[in-house]
Amino acid sequence: MRDLQVLYLSDNLLFGEIPSCMQNLTSLRILGLSENSRLILKFPSLIFAKLTLLEKLSLVNNSLEGVLSLSSLQNHRQLTKLELASSGNDFHVQTENPATNLPAQIQVLVLRNCNLNGNSGIIPSFLLHQHKLESVDMSNNNLSGNFPSWLIENNVNLSHLVLGSNSFEGPLPPSKVHTSLQWWVASSNRLSILPVDINTTLPNLSYISLSGNSYMGNFPSSFSYMNSLQYLDLSYNNFLDDIAAAFVGNMSNIIGLKLSGNHFYGSFSPNILLPAVKHLLLSDNEIAGKIPEKLCGSLILMTFDASNNKLTGPLPTCISALSELAILNLRGNSLAGSIPSEVCDLQKLVFLDVSKNNLSGPVHCLPDLRYLHMSRNRLNGTFPIPLYLGNNIYIMDLQENQFSGVLPKLIGKSFPKLKVLLLKGNMFEGTVPNDICSLKYLRLLDLSHNRLSGQLPLCLNIMGSDDSLFDFQPGFGTFPVLFNVIGLPDQEEFMTKGRQDKYRGNILNYMTGLDFSSNQLKGSIHESIGGMKWLRALNFSENKFDGSIPQSLSNLSDLESLDLSHNNLAGQIPSELVALQSLAVFSVACNNLSGPTPGTKGQFITFDLSSYEGNPYLCGPPLKKSCFATPSIPELEENGEQDDKVGHIILFGCSAMFYMVGFWTSLGVLYFKTSWRRSWFSVVDRFGDCVLVKFFVFTKNIRSTN
């Protein structure tokens, strides 16, 4: 296809290496291969060097490998668009040594995550001779030195400048008026000085992201006079000012404002008006006071994040007016009162987090959302029930409240998409309902520290049978891709390996576990539990389980933590458990187990006495009691005394037996043998006469002596 001029293959699922025959497409003017993350392009390559008629080359988010010297494109005089961004870290772009002198005047330049010049920090020198640039993205290259304001001054048509995740410092932007620049991203650098006249030098800026720098002091008042400003991200700096200063002048027309991670204090003005705001992110500051009722006038508000502040008072009941609200995060404040039932009117609500407040009272209803967090409050009443069966909740976190009563019998039908259910530290009672087995996505379940009783459902192994991946870091609404509006990857806490760990974002797809500890559950642990091969943590401790340890637990090849302590388990520890190569925490302490421990085989060599204590009939390492021990000296003495007593008894018995046998044998012989009987009686008579004579003589002598 030597006459082919335009080839677009972007946004597909292509993989493997690009064929070398593409160098034959010498008529090609436009080539787009972007967004094929498994498509491999190895450099240096003759393919692109021979395509000298190229005007647009787009290789964004491909698997680029090797080193590309831009000097290989010096013959591409018509090149106006060059986009290079690797999906990995094995791609390097060299613009110096030798120095690149591109004759083409490029309009769109993307060199993102390209290890520019070996991460030396050197800005490509060929840019000094470029004067028609309209969009530049050189983010994530560790570029250093003063901010290149000359890029703006030399290119009057420059509208997009993205230089985030580098190490720039110094003054910015230029002192000359530049009316074309609309997007300016310099986040995650070392910038510390903002010009006071930015509203006059860059009057048409609509999007500014300066997060993760070293700015200090008051909120820049110049932003309040920028008529075109729609999105402003100053998060995670060191601004120190009253929050009211951020909502004066034209700031009331802002669409997206992100001031998280600073030191804003004070309270919202009761007359705050933000009719155009869609995304308002103010987390991790020191904002106090109540949430003003006027905020309910922001009718198109989609995201409101004021987590980890010092807000007080109740949730306003007018919240039902925010019909577009998708994300509401008020975690980590001091809000009080009950959760208003008007929350259930928010039909577009997807994420609700009111954890770590002082909220109380029952939860009357649940909206049809995806992520629900109400932990660490004083909420009470029965288990919250959705308005309709088939709710779409993925995550429900009600830990450490005062909920009571029984778990819903139709929990599987009410919440069929549950992936995470955390009910630790409440007062739920009764049995674990059989319907929990129908939760085919549920793989993180914490029912610990409640008052549950009875036996576990025998069908428990069916739960979590579907390993579908969920999105725990979703985006909502329409906003520029560079405005990281969510900043809220879902985060959960779960006790495993003896510690309370946090699991954030999509890692939740891979963290799995069951925790039934500290209840009053009884009965045996069924062998079917070995069918839950996806388990990484299993905790049955501090219950009343009896019977033996299931041998099938050895099938849980990914298991990292197993706690069966403080129960009534008996029998031996299955030797098959040594097959658990990932096991890092193990405890069977305080049971009625007997026989040998798994010893020092496999992972069990890492477990000490505490894993086995409280089982007096266990033996083997690491216990001091040996399964093949030699008796000690006191034991030998005691056994010797017992042996002597037994010997005396045997001797006495044998003597008595021989005496009786001899006596009766003699009588029998004398009875049947007449001649022997006469001789015997004759001897006895003579012996008797002799004894009587001697007795009388002895008696007479005694009398004569007296």
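Thresholds, definitions, all that
- Residues numbered from 1 in each chain as written.
- Predicted model: local features only at pLDDT ≥ 70, side-chain atom pairs only at ≥ 80, totals over all residues.
- Heavy atoms only, no water.
- Helix = DSSP H or I, 4+ residues; strand = E, 2+ residues; numbered from the N terminus.
- Buried < 20%, exposed > 50% of the residue type's maximum accessible area, 1.4 Å probe, protein only.
- Areas by Shrake-Rupley, 256 points an atom, 1.4 Å probe, with all protein chains shown as cover.
- Pairing = 2+ DSSP bridges.
- Contact = heavy atoms within 4.5 Å.
- Core = buried A, V, L, I, M, F, W, Y, C linked by side-chain atoms within 4.5 Å.
- Disulfide = S-S within 2.5 Å.
- Salt bridge = Lys/Arg side-chain N within 4 Å of Asp/Glu carboxyl O.
- Phe/Tyr/Trp six-rings, centres within 6.5 Å; stacked < 30°, edge-to-face > 60°.
- pLDDT = per-residue confidence, 0-100.

Draft legend 1. Fine view of the overall build of the protein chain. Check the secondary structure of the protein chain and you find six helices and 45 strands. In the protein chain, which comprises 706 residues, the share counted as buried stands at 48%. Per element, the accessible surface of the protein chain, about 33,100 Å² overall, is 54% carbon and sulfur.

Draft legend 2. A look at the sheet that holds strand β44 (residues 592–596). The strand order across the open sheet built from three strands is β42-β44-β45, with neighbouring strands paired in parallel fashion. The two strands at the open ends of the sheet, each matched to only one other strand, are β42 (570–571) and β45 (617–619). Of the pairings in the sheet, the one linking β42 to β44 comprises two bridges and is parallel in character. Residue pairing in the sheet places A570 in a bridge with N592 of β44.

Draft legend 3. Fine view of the pairing of strand β7 (residues 91–94). Alternating residues of β7 divide into F91 and V93, all buried, and H92 and Q94, none buried. Pairing between strand β5 (residues 56–69) and β7: four bridges, direction parallel. Bridge pairing links L68 to V93 in β7.

Draft legend 4. Up close: the side chain of S139. Looking at where S139 falls in the secondary structure, it is placed in the loop between β9 (135–137) and β10 (144–146). Excluding its chain neighbours within four sequence positions, the residues that come into contact with S139 are L111, R112, N113, V162, L163, G164 and N166.

Draft legend 5. Quick look at the nonpolar core. Counting residues in each nonpolar core, the largest one holds 159 residues, and the members touching the most others are W184 and F223. Looking at this core, the elements that each hand over two or more residues are β4 (38–43), α1 (46–50), β5, β6 (81–86), β7, β8 (108–112) and α2 (150–154). The element that contributes the greatest number of residues to this core is β5, accounting for four residues. Grouped together as the second largest cluster of nonpolar side chains are twelve residues, A326, V350, Y371 and Y394 included.

Draft legend 6. Seen up close, the state of the cysteines. The tally for this structure, following the rule as stated, stands at four disulfides. C437 shares a disulfide with C459; S-S distance 2.0 Å. With the S-S dihedral at roughly 80°, the linkage between C437 and C459 falls on the right-handed side. In this pair, C437 sits in the loop between β32 (427–430) and β33 (444–446) while C459 sits in the loop between β34 (451–454) and β35 (491–496), placing the two residues 22 residues apart along the sequence. On the basis of relative accessible area, C437 is assigned to the buried category, the value being 6%.

Draft legend 7. Local environment of the pattern of salt bridges. Under the criterion given, the structure shown has nine salt bridges. Residue K348 is joined to E324 by a salt bridge in which the shortest nitrogen-to-oxygen separation is 2.9 Å. Pair noted here: K348 is in the loop between β24 (334–337) and β25 (351–353) and E324 is in the loop between β22 (310–313) and β23 (327–329), with a separation of 24 residues, a long-range link. In this structure K348 comes out as partly exposed when scored by relative accessible area, which is 44%. Given a relative accessible area of 29%, E324 falls into the partly exposed group.

Draft legend 8. Molecular detail of the sheet that holds β24. Pairing is parallel in the open sheet, where ten strands are placed in the order β20-β22-β24-β26-β28-β30-β32-β34-β38-β40. The sheet is open, and its two edges are formed by β20 (288–289) and β40 (544–546), each paired on a single side. Relative to strand β38 (residues 520–524), β34 runs parallel, the two being bridged by two bridges. Residue pairing across strands places S453 opposite Q520, the latter belonging to β38.

Draft legend 9. Looking closely at the packing of aromatic side chains. Taken as a whole and assessed by the stated rule, the structure comprises 21 aromatic pairs. Ring plane angle 35° and centroid distance 5.7 Å describe the contact between F586 and F607, whose orientation is recorded as tilted. A residue pair is termed long-range when its members are at least 10 positions apart, and F586 in strand β43 (residues 585–587) and F607 in the loop between β44 and β45 qualify at 21 residues. An identical accessibility class is assigned to F586 and F607; each is buried. Taken together, the aromatic side chains of F383, F403, F415 and F428 make up a single cluster linked through ring pairs.

Draft legend 10. Examining unusual backbone geometry more closely. With an omega dihedral of 0°, the bond running from F43 to P44 counts as a cis peptide bond. On the secondary structure map, P44 appears in the loop between β4 and α1. Here the residue pair P621 and P622 is connected by a cis peptide bond, since its omega of 5° sits within 30 degrees of zero. Tracing the sequence through the fold places P622 in the loop between β45 and α5 (633–672). A positive phi angle, near 55°, is found at N119, a position not held by glycine. On the basis of relative accessible area, N119 is assigned to the partly exposed category, the value being 34%. In this structure, H566 takes a positive phi of about 60° despite not being glycine.

Draft legend 11. Region of interest: the environment of F545. Of note, F545 is situated in strand β40. Using a relative accessible area of 0% as the deciding quantity, one classes F545 as buried. Expressed as a C-alpha distance, the spacing of F545 and A570, which sit 25 residues apart in the sequence, is 9.7 Å. Beyond its immediate sequence surroundings of up to four residues, F545 is in contact with L456, L521, K522, G523, I525, F540, N567, N568 and L569.

Draft legend 12. Broad picture of the pairing of β4. On β4, burial follows the alternation: L39, L41 and F43 on one face are buried, whereas R38, I40 and K42 on the facing-out side are not. Relative to β4, strand β2 (residues 15–17) is paired through three bridges, and the arrangement is parallel. For F15, the partnering residue across the bridge sits in β4 and is R38. The sheet contact formed by β4 and β5 spans four bridges and is parallel. Bridging from a neighbouring strand, L41 pairs with L64 of β5.

Draft legend 13. The arrangement of the confidence of the model for the protein chain in detail. Within the protein chain, residue pLDDT values average 87, and 84% of them lie at 70 or more. Segment residues 476–487: pLDDT under 50, and 37 contacts once partners within four positions in sequence are set aside and those in other chains are kept.

Draft legend 14. Highlighting the environment of Y394. Structurally, Y394 is set in the loop between β28 (378–381) and β29 (395–397). Taking the C-alpha atoms as reference, Y394 lies 6.5 Å from V420; in sequence the two are 26 residues apart.

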